[in-house]
Amino acid sequence: MTQAASRYHRIVVKLSGEALMGGGDYGIDPAILKRIAGELQAIAQMGVQLAVVIGGGNIFRGAGLARAGMDRVAADHMGMLATVMNALAMQDALESLGMHARVMSAIRINEVCEDYIRRRAMRHLEKGRVAIFAAGTGNPFFTTDTAAALRAIEIDADVLIKATKVDGVFSDDPLRNPGAQRYARLTFDKVLADKLNVMDATAIVMCRDNRLPLRVFNLNNAGDLTRMVRGEEVGTLVTCE
């Protein structure tokens, strides 16, 4: 495929840690990891510069333990380490397909991955390598959604793509309310005003204030990510207007 096959030049894909579990309750499902890596490979082969941010909820969720009484800063640091584990797994899956990938961490773990340095990240992307951004922002109290928005803005991505378990953004939880309306397009202000469950409010405000489009799609629909990058109307598009 050629660059002309893609709508975008540079993108950031945000994956939840839970997306890697498959049908399990914990950890990483190798089959799911391989499928996602295959879709990311298909995007990269279009000539798209690709960065990925992965959460850590399949291994450890800092906010949950903080609510149970653990110190929030310690819990969030543990959650950051979980995202590094997922990022290393994704790097391995991509490299097994013959791709070049680099894990870049917001906290220093030089023995296993690189530090996140913006200029170095840009260079990896320009060289055709997949950049996998781990450890969130490196700060407690910030989610990996916010990290994805921040990194997308920093590297001047054309779009932030958020993977979910449903077919876009809905007026209500479609798993509980079959009558929930799916939006094809909506604004960041409506997401905030209606408290729609897309990303946390900090991430939404960052996208809005920096005019970074957000696309939301169902990761469970094989091929939807590739179709979206090609320009098909998949999922929900969130913009400023």
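Right above here is the structure, for reference.
Not measured: the values here are computed from a predicted model.

A.B. asks: Could you give me a rundown of the sheet that holds strand S11 (residues 236-239), with the residues and numbers involved?
C.D. replies: Read from one edge to the other, the open sheet built from nine strands follows the order S4-S3-S5-S2-S1-S6-S10-S11-S9, with strand pairing classed as mixed. With partners counted over all chains shown, the strands left at the sheet margins are strand S4 (114-115) and strand S9 (185-187), one partner each. Here S9 runs beside S11; their pairing, made up of three bridges, is parallel. Of the residues in S11, the one forming a bridge with arginine 185 is leucine 237. Lying on the sheet, helix H5 (residues 144-154) is in contact with strand S1 (10-15), strand S2 (49-54), strand S5 (130-134) and strand S6 (159-164); it crosses S1 at an angle near 175°.

A.B. asks: Quick one: what's the story with the nonpolar core, residue by residue and with numbers?
C.D. replies: Residues Ile11 and Met90 are the most contacted members of the largest nonpolar core, which totals 42 residues. When residues of this core are traced back to their parent elements, those giving at least two are S1, helix H1 (30-44), S2, helix H3 (72-96), strand S3 (101-105), S5, S6 and helix H8 (224-230). Here this core gets seven residues from one element, more than from any other, and that element is H3. Every residue in contact with methionine 90, bar those within four places of it in the chain, is listed here: Leu15, Leu20, Leu33, Ile36, Ala37, Leu40, Ile54 and Ile132. Residues Met122, Ala157, Val198 and Leu214 belong to the second largest nonpolar core, which totals 31 residues.

A.B. asks: Describe in detail a nonpolar patch on the surface, supporting the description with residues and values.
C.D. replies: A surface patch of nonpolar side chains, amounting to about 220 Å² of accessible area, comprises Leu65, Met70 and Met78. Structurally, methionine 70 can be placed in the loop between helix H2 (62-67) and H3. Look at methionine 70 and you get partly exposed, because its relative accessible area is 32%.

A.B. asks: I'd like a rundown of the packing of H1 against H3, residues and numbers included.
C.D. replies: Between H1 and H3, the least distance of the axes is 9 Å, while the angle of their chain directions is 65°. Classified by chirality, the crossing of H3 by H1 is right-handed. Between H1 and H3, the residues in contact are Leu33, Ile36, Ala37 and Leu40 and Ala89, Met90, Ala93 and Leu94, respectively. Of the residues that constitute the contact of H1 with H3, the class distribution is eight nonpolar, no polar and no charged.

A.B. asks: Account for the pairing of S2, naming residues and giving values.
C.D. replies: For S2, a buried count of six out of six residues is recorded, marking the element as mostly surrounded by other parts of the structure. Neither face of S2 is exposed, since Gln49, Ala51 and Val53 on one face and Leu50, Val52 and Ile54 on the opposite face are all buried. Note that S1 and S2 share six bridges and pair parallel. Residue pairing in the sheet places isoleucine 11 in a bridge with leucine 50 of S2. Between S1 and its parallel partner S2, the chain crosses via H1, and the hand of that crossover is right-handed. Bridge analysis of S2 against S5 gives three bridges, and the strand direction is parallel.

A.B. asks: Account for the side chain of glutamine 49, with residues named and values stated.
C.D. replies: The residue glutamine 49 is located in strand S2 in this model. A distance of 2.7 Å separates a polar atom in the side chain of glutamine 49 from a polar atom in the side chain of arginine 10. Among all residues touching glutamine 49, those that are not within four sequence positions of it are His9, Arg10, Ile11, Leu125 and Glu126.

About the thresholds
- Residue positions within a chain follow its written sequence, with the count starting from 1.
- Given that this is a predicted model, residues contribute local features only at a pLDDT of at least 70 and side-chain atom pairs are listed and counted only at 80 or more, while totals for whole chains, interfaces and linings are drawn from all residues.
- Excluded from the side-chain calculations are hydrogens and water; all other atoms, namely the structure's heavy atoms, are used.
- One requirement defines pairing of two strands: DSSP has to find at least two bridges between them.
- Secondary structure follows DSSP: runs of H or I at least 4 residues long count as helices, runs of E at least 2 residues long count as strands, and numbering of each begins at the N terminus.
- Contact criterion: two residues are considered in contact whenever any of their non-hydrogen atoms come within 4.5 Å of each other.
- Structural elements are reduced to axes, namely lines fitted to C-alpha atoms, with helices fitted over the stretch in contact, and the angle between N-to-C directions of any two is expressed from 0 to 180 degrees.
- What makes a nonpolar core is a set of buried Ala, Val, Leu, Ile, Met, Phe, Trp, Tyr and Cys residues whose side-chain atoms join them at distances within 4.5 Å.
- We call a residue buried when its accessible area falls under 20% of the maximum for its residue type, exposed when it is over 50%, and partly exposed in between, using a 1.4 Å probe and counting protein chains only.
- Think of a patch as exposed residues, more than 30% relative accessible area, with no salt bridge, where like charges cluster within 9 Å and nonpolar side chains (Val, Leu, Ile, Met, Phe, Trp, Tyr) cluster within 5 Å.
- Residue exposure ignores everything except the shown protein chains as possible cover, and the areas themselves are Shrake-Rupley values with a 1.4 Å probe.
- We define a salt bridge as a contact between a side-chain nitrogen of Lys or Arg and a carboxyl oxygen of Asp or Glu at a distance within 4 Å.
- What makes a crossing left-handed is the near helix being turned counterclockwise from the far one by less than a right angle; a clockwise turn instead makes it right-handed.
- Basically, the charged four are Asp, Glu, Lys and Arg, the nonpolar ten are Ala, Val, Leu, Ile, Met, Phe, Trp, Tyr, Cys and Pro, and anything else, Gly included, counts as polar.
- The definition of a right-handed crossover adopted here requires that, viewed with the strands pointing away, the path from the first strand over the helix to the second runs clockwise.
- Under the rule applied, a polar contact is a pair of N or O atoms within 3.5 Å (in protein, one hydrogen donor and one hydrogen acceptor; residues adjacent in sequence only if both atoms are side-chain atoms).

Keep in mind these values describe shape, not function.
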